[in-house]
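# Examining the three-dimensional arrangement
Next come the chains, spelled out residue by residue.
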Amino acid sequence: MTEKIFVIGANGQIGTELVAALRNIHGAENVIASDINSPNYALRNTGPFEYANVLDKDNLHHLFDKHRPTQVYLLAAILSAVGEQKPKMAWDLNMTGLLHVLDFAVEFKVQKVFWPSSIAVFGPHSPQYNTPQYCVMDPNTVYGFSKLAGERWCEYYFSKYGLDVRSLRYPGLIGWRANPGGGTTDYAVHIFHEALKHQKYQGFLSAQTALPMMYMDDAIRATLTLMDAPAENITIRSSYNLAGVSFTPEQLAAEIKKLMPGFEMSYAENDPRQAIADSWPKSIDDSQAQQDWGWQLEYDLPKITEDMLTNLKTII
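Let me sum up the structure you'll find in this document. (Residues numbered from 1 in each chain as written. Predicted model: local features only at pLDDT ≥ 70, side-chain atom pairs only at ≥ 80, totals over all residues. Heavy atoms only, no water.)

Now for helix α6 (residues 142-161). Between its first and last C-alpha atoms α6 spans 27 Å; for 20 residues at 1.5 Å apiece the expected length is 28 Å, and the two agree. Three or more residues of α6 are buried, namely V142, Y143, G144, S146, K147, L148, G150, E151, C154 and Y157. Those residues of α6 that are buried are in contact with α4 (80-85), α5 (87-107), β6 (117-118), β7 (165-166) and β8 (168-170). At the C-terminal side of α6, G162 shows a positive phi close to 75°. (Helix = DSSP H or I, 4+ residues; strand = E, 2+ residues; numbered from the N terminus. Expected span 1.5 Å × (residues − 1). Buried < 20%, exposed > 50% of the residue type's maximum accessible area, 1.4 Å probe, protein only. Contact = heavy atoms within 4.5 Å.)

Given below as structure tokens:
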């Protein structure tokens, strides 16, 4: 059976790479990219594109009716740092958009829905090291508690309507093909750009702030592997932990210096993103993903650093 895949929020850091991967697998004509903003060159020239605002219920319904997708990937969201500046807007977009998509997925009998959660669902009282799949979850950011509420809605729609919703709690994501979208872990992308442009970078998190991170190639592979897994293998209908590799800004800077000895790192003080980072886990236990659908990480910190610098050199 030919899949018809609808990606909402395709212009972002994840969407840019996910659409390319999906088009490579399923054929460009079968993957409809959509976003509220104009598409970038790659999205516009490699397959169909629709303008879509997840808060515009009538237009979104029209697009579901027009394309009759078999799979939907909902990536549109306001992330952690931006969400703290616009809290009510973040809640409305992250929650109402998800509910619109879930309702239309049921109405149009969509076979699978992917919705990304985040390590932001954990909070100050969650275990900080090797954070388990199930534990205390008391997020203190709008992004975090909108993602936690979203997880509950996803599991609810699976239980009540039989909708095959699948989700991953992404750690911080690092990639070179698209810019990050206003999250607390964005430093781990910015640092590479500044290293190549100016040989120096001032981070907004402290030197010893450990956070789980993941290279975008691994994140896309995890997403596709999860979505390809047989439904009977999926035991988590809220969202799967995804660990990545944990490191501090100081450790990342040290890896860059191995390849660029002249690189200098400094640290800003009193950035509001520090408090967000301090409330998140320092490392994650993703053994459930390994057990259920064979997840295995490929990129460690040295490999991430080398690949980022090698690829960014070609476009900076």
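As a further point, take a nonpolar patch on the surface. Taken together, the side chains of V106, W153, Y156 and Y161 present a nonpolar region at the surface, about 360 Å² in accessible area. Ranked by residues supplied to the nonpolar patch, first place goes to α6 with 3 residues. Following the sequence through the fold, V106 ends up in helix α5. (Patch = residues over 30% accessible without salt bridge, like charges linked within 9 Å, V, L, I, M, F, W, Y side chains within 5 Å. Areas by Shrake-Rupley, 256 points an atom, 1.4 Å probe, with all protein chains shown as cover. Salt bridge = Lys/Arg side-chain N within 4 Å of Asp/Glu carboxyl O.)

Tracing the backbone shows S118 in strand β6. A polar atom in the side chain of S118 sits 2.9 Å from the backbone nitrogen of A120. (Polar contact = N/O pair within 3.5 Å; in protein donor to acceptor, adjacent residues only side chain to side chain.)

This paragraph deals with the packing of helix α7 (residues 187-198) against helix α12 (residues 301-312). Packed helix pairs are characterised by how far apart their axes lie and by the angle those axes make with each other. Running from amino to carboxyl end, α7 crosses α12 at an angle of 50°, the nearest separation of the two axes being 10 Å. In this view, α7 runs oblique relative to α12, as classed from their interaxial angle. The way α7 lies across α12 gives a crossing that is right-handed. Listed contacts from α12 to V189, F192, H193 and L196 of α7 are T305, M308, L309 and L312. For the contact of α7 with α12, the class distribution of residues is 6 nonpolar, 2 polar and no charged. (Axes fitted to C-alpha atoms, helices over the stretch in contact; angles between N-to-C directions. Parallel < 35°, antiparallel > 145°, perpendicular 65-115°, else oblique. Left-handed = near helix turned anticlockwise from the far one by under 90°. Nonpolar A, V, L, I, M, F, W, Y, C, P; charged D, E, K, R; others polar.)

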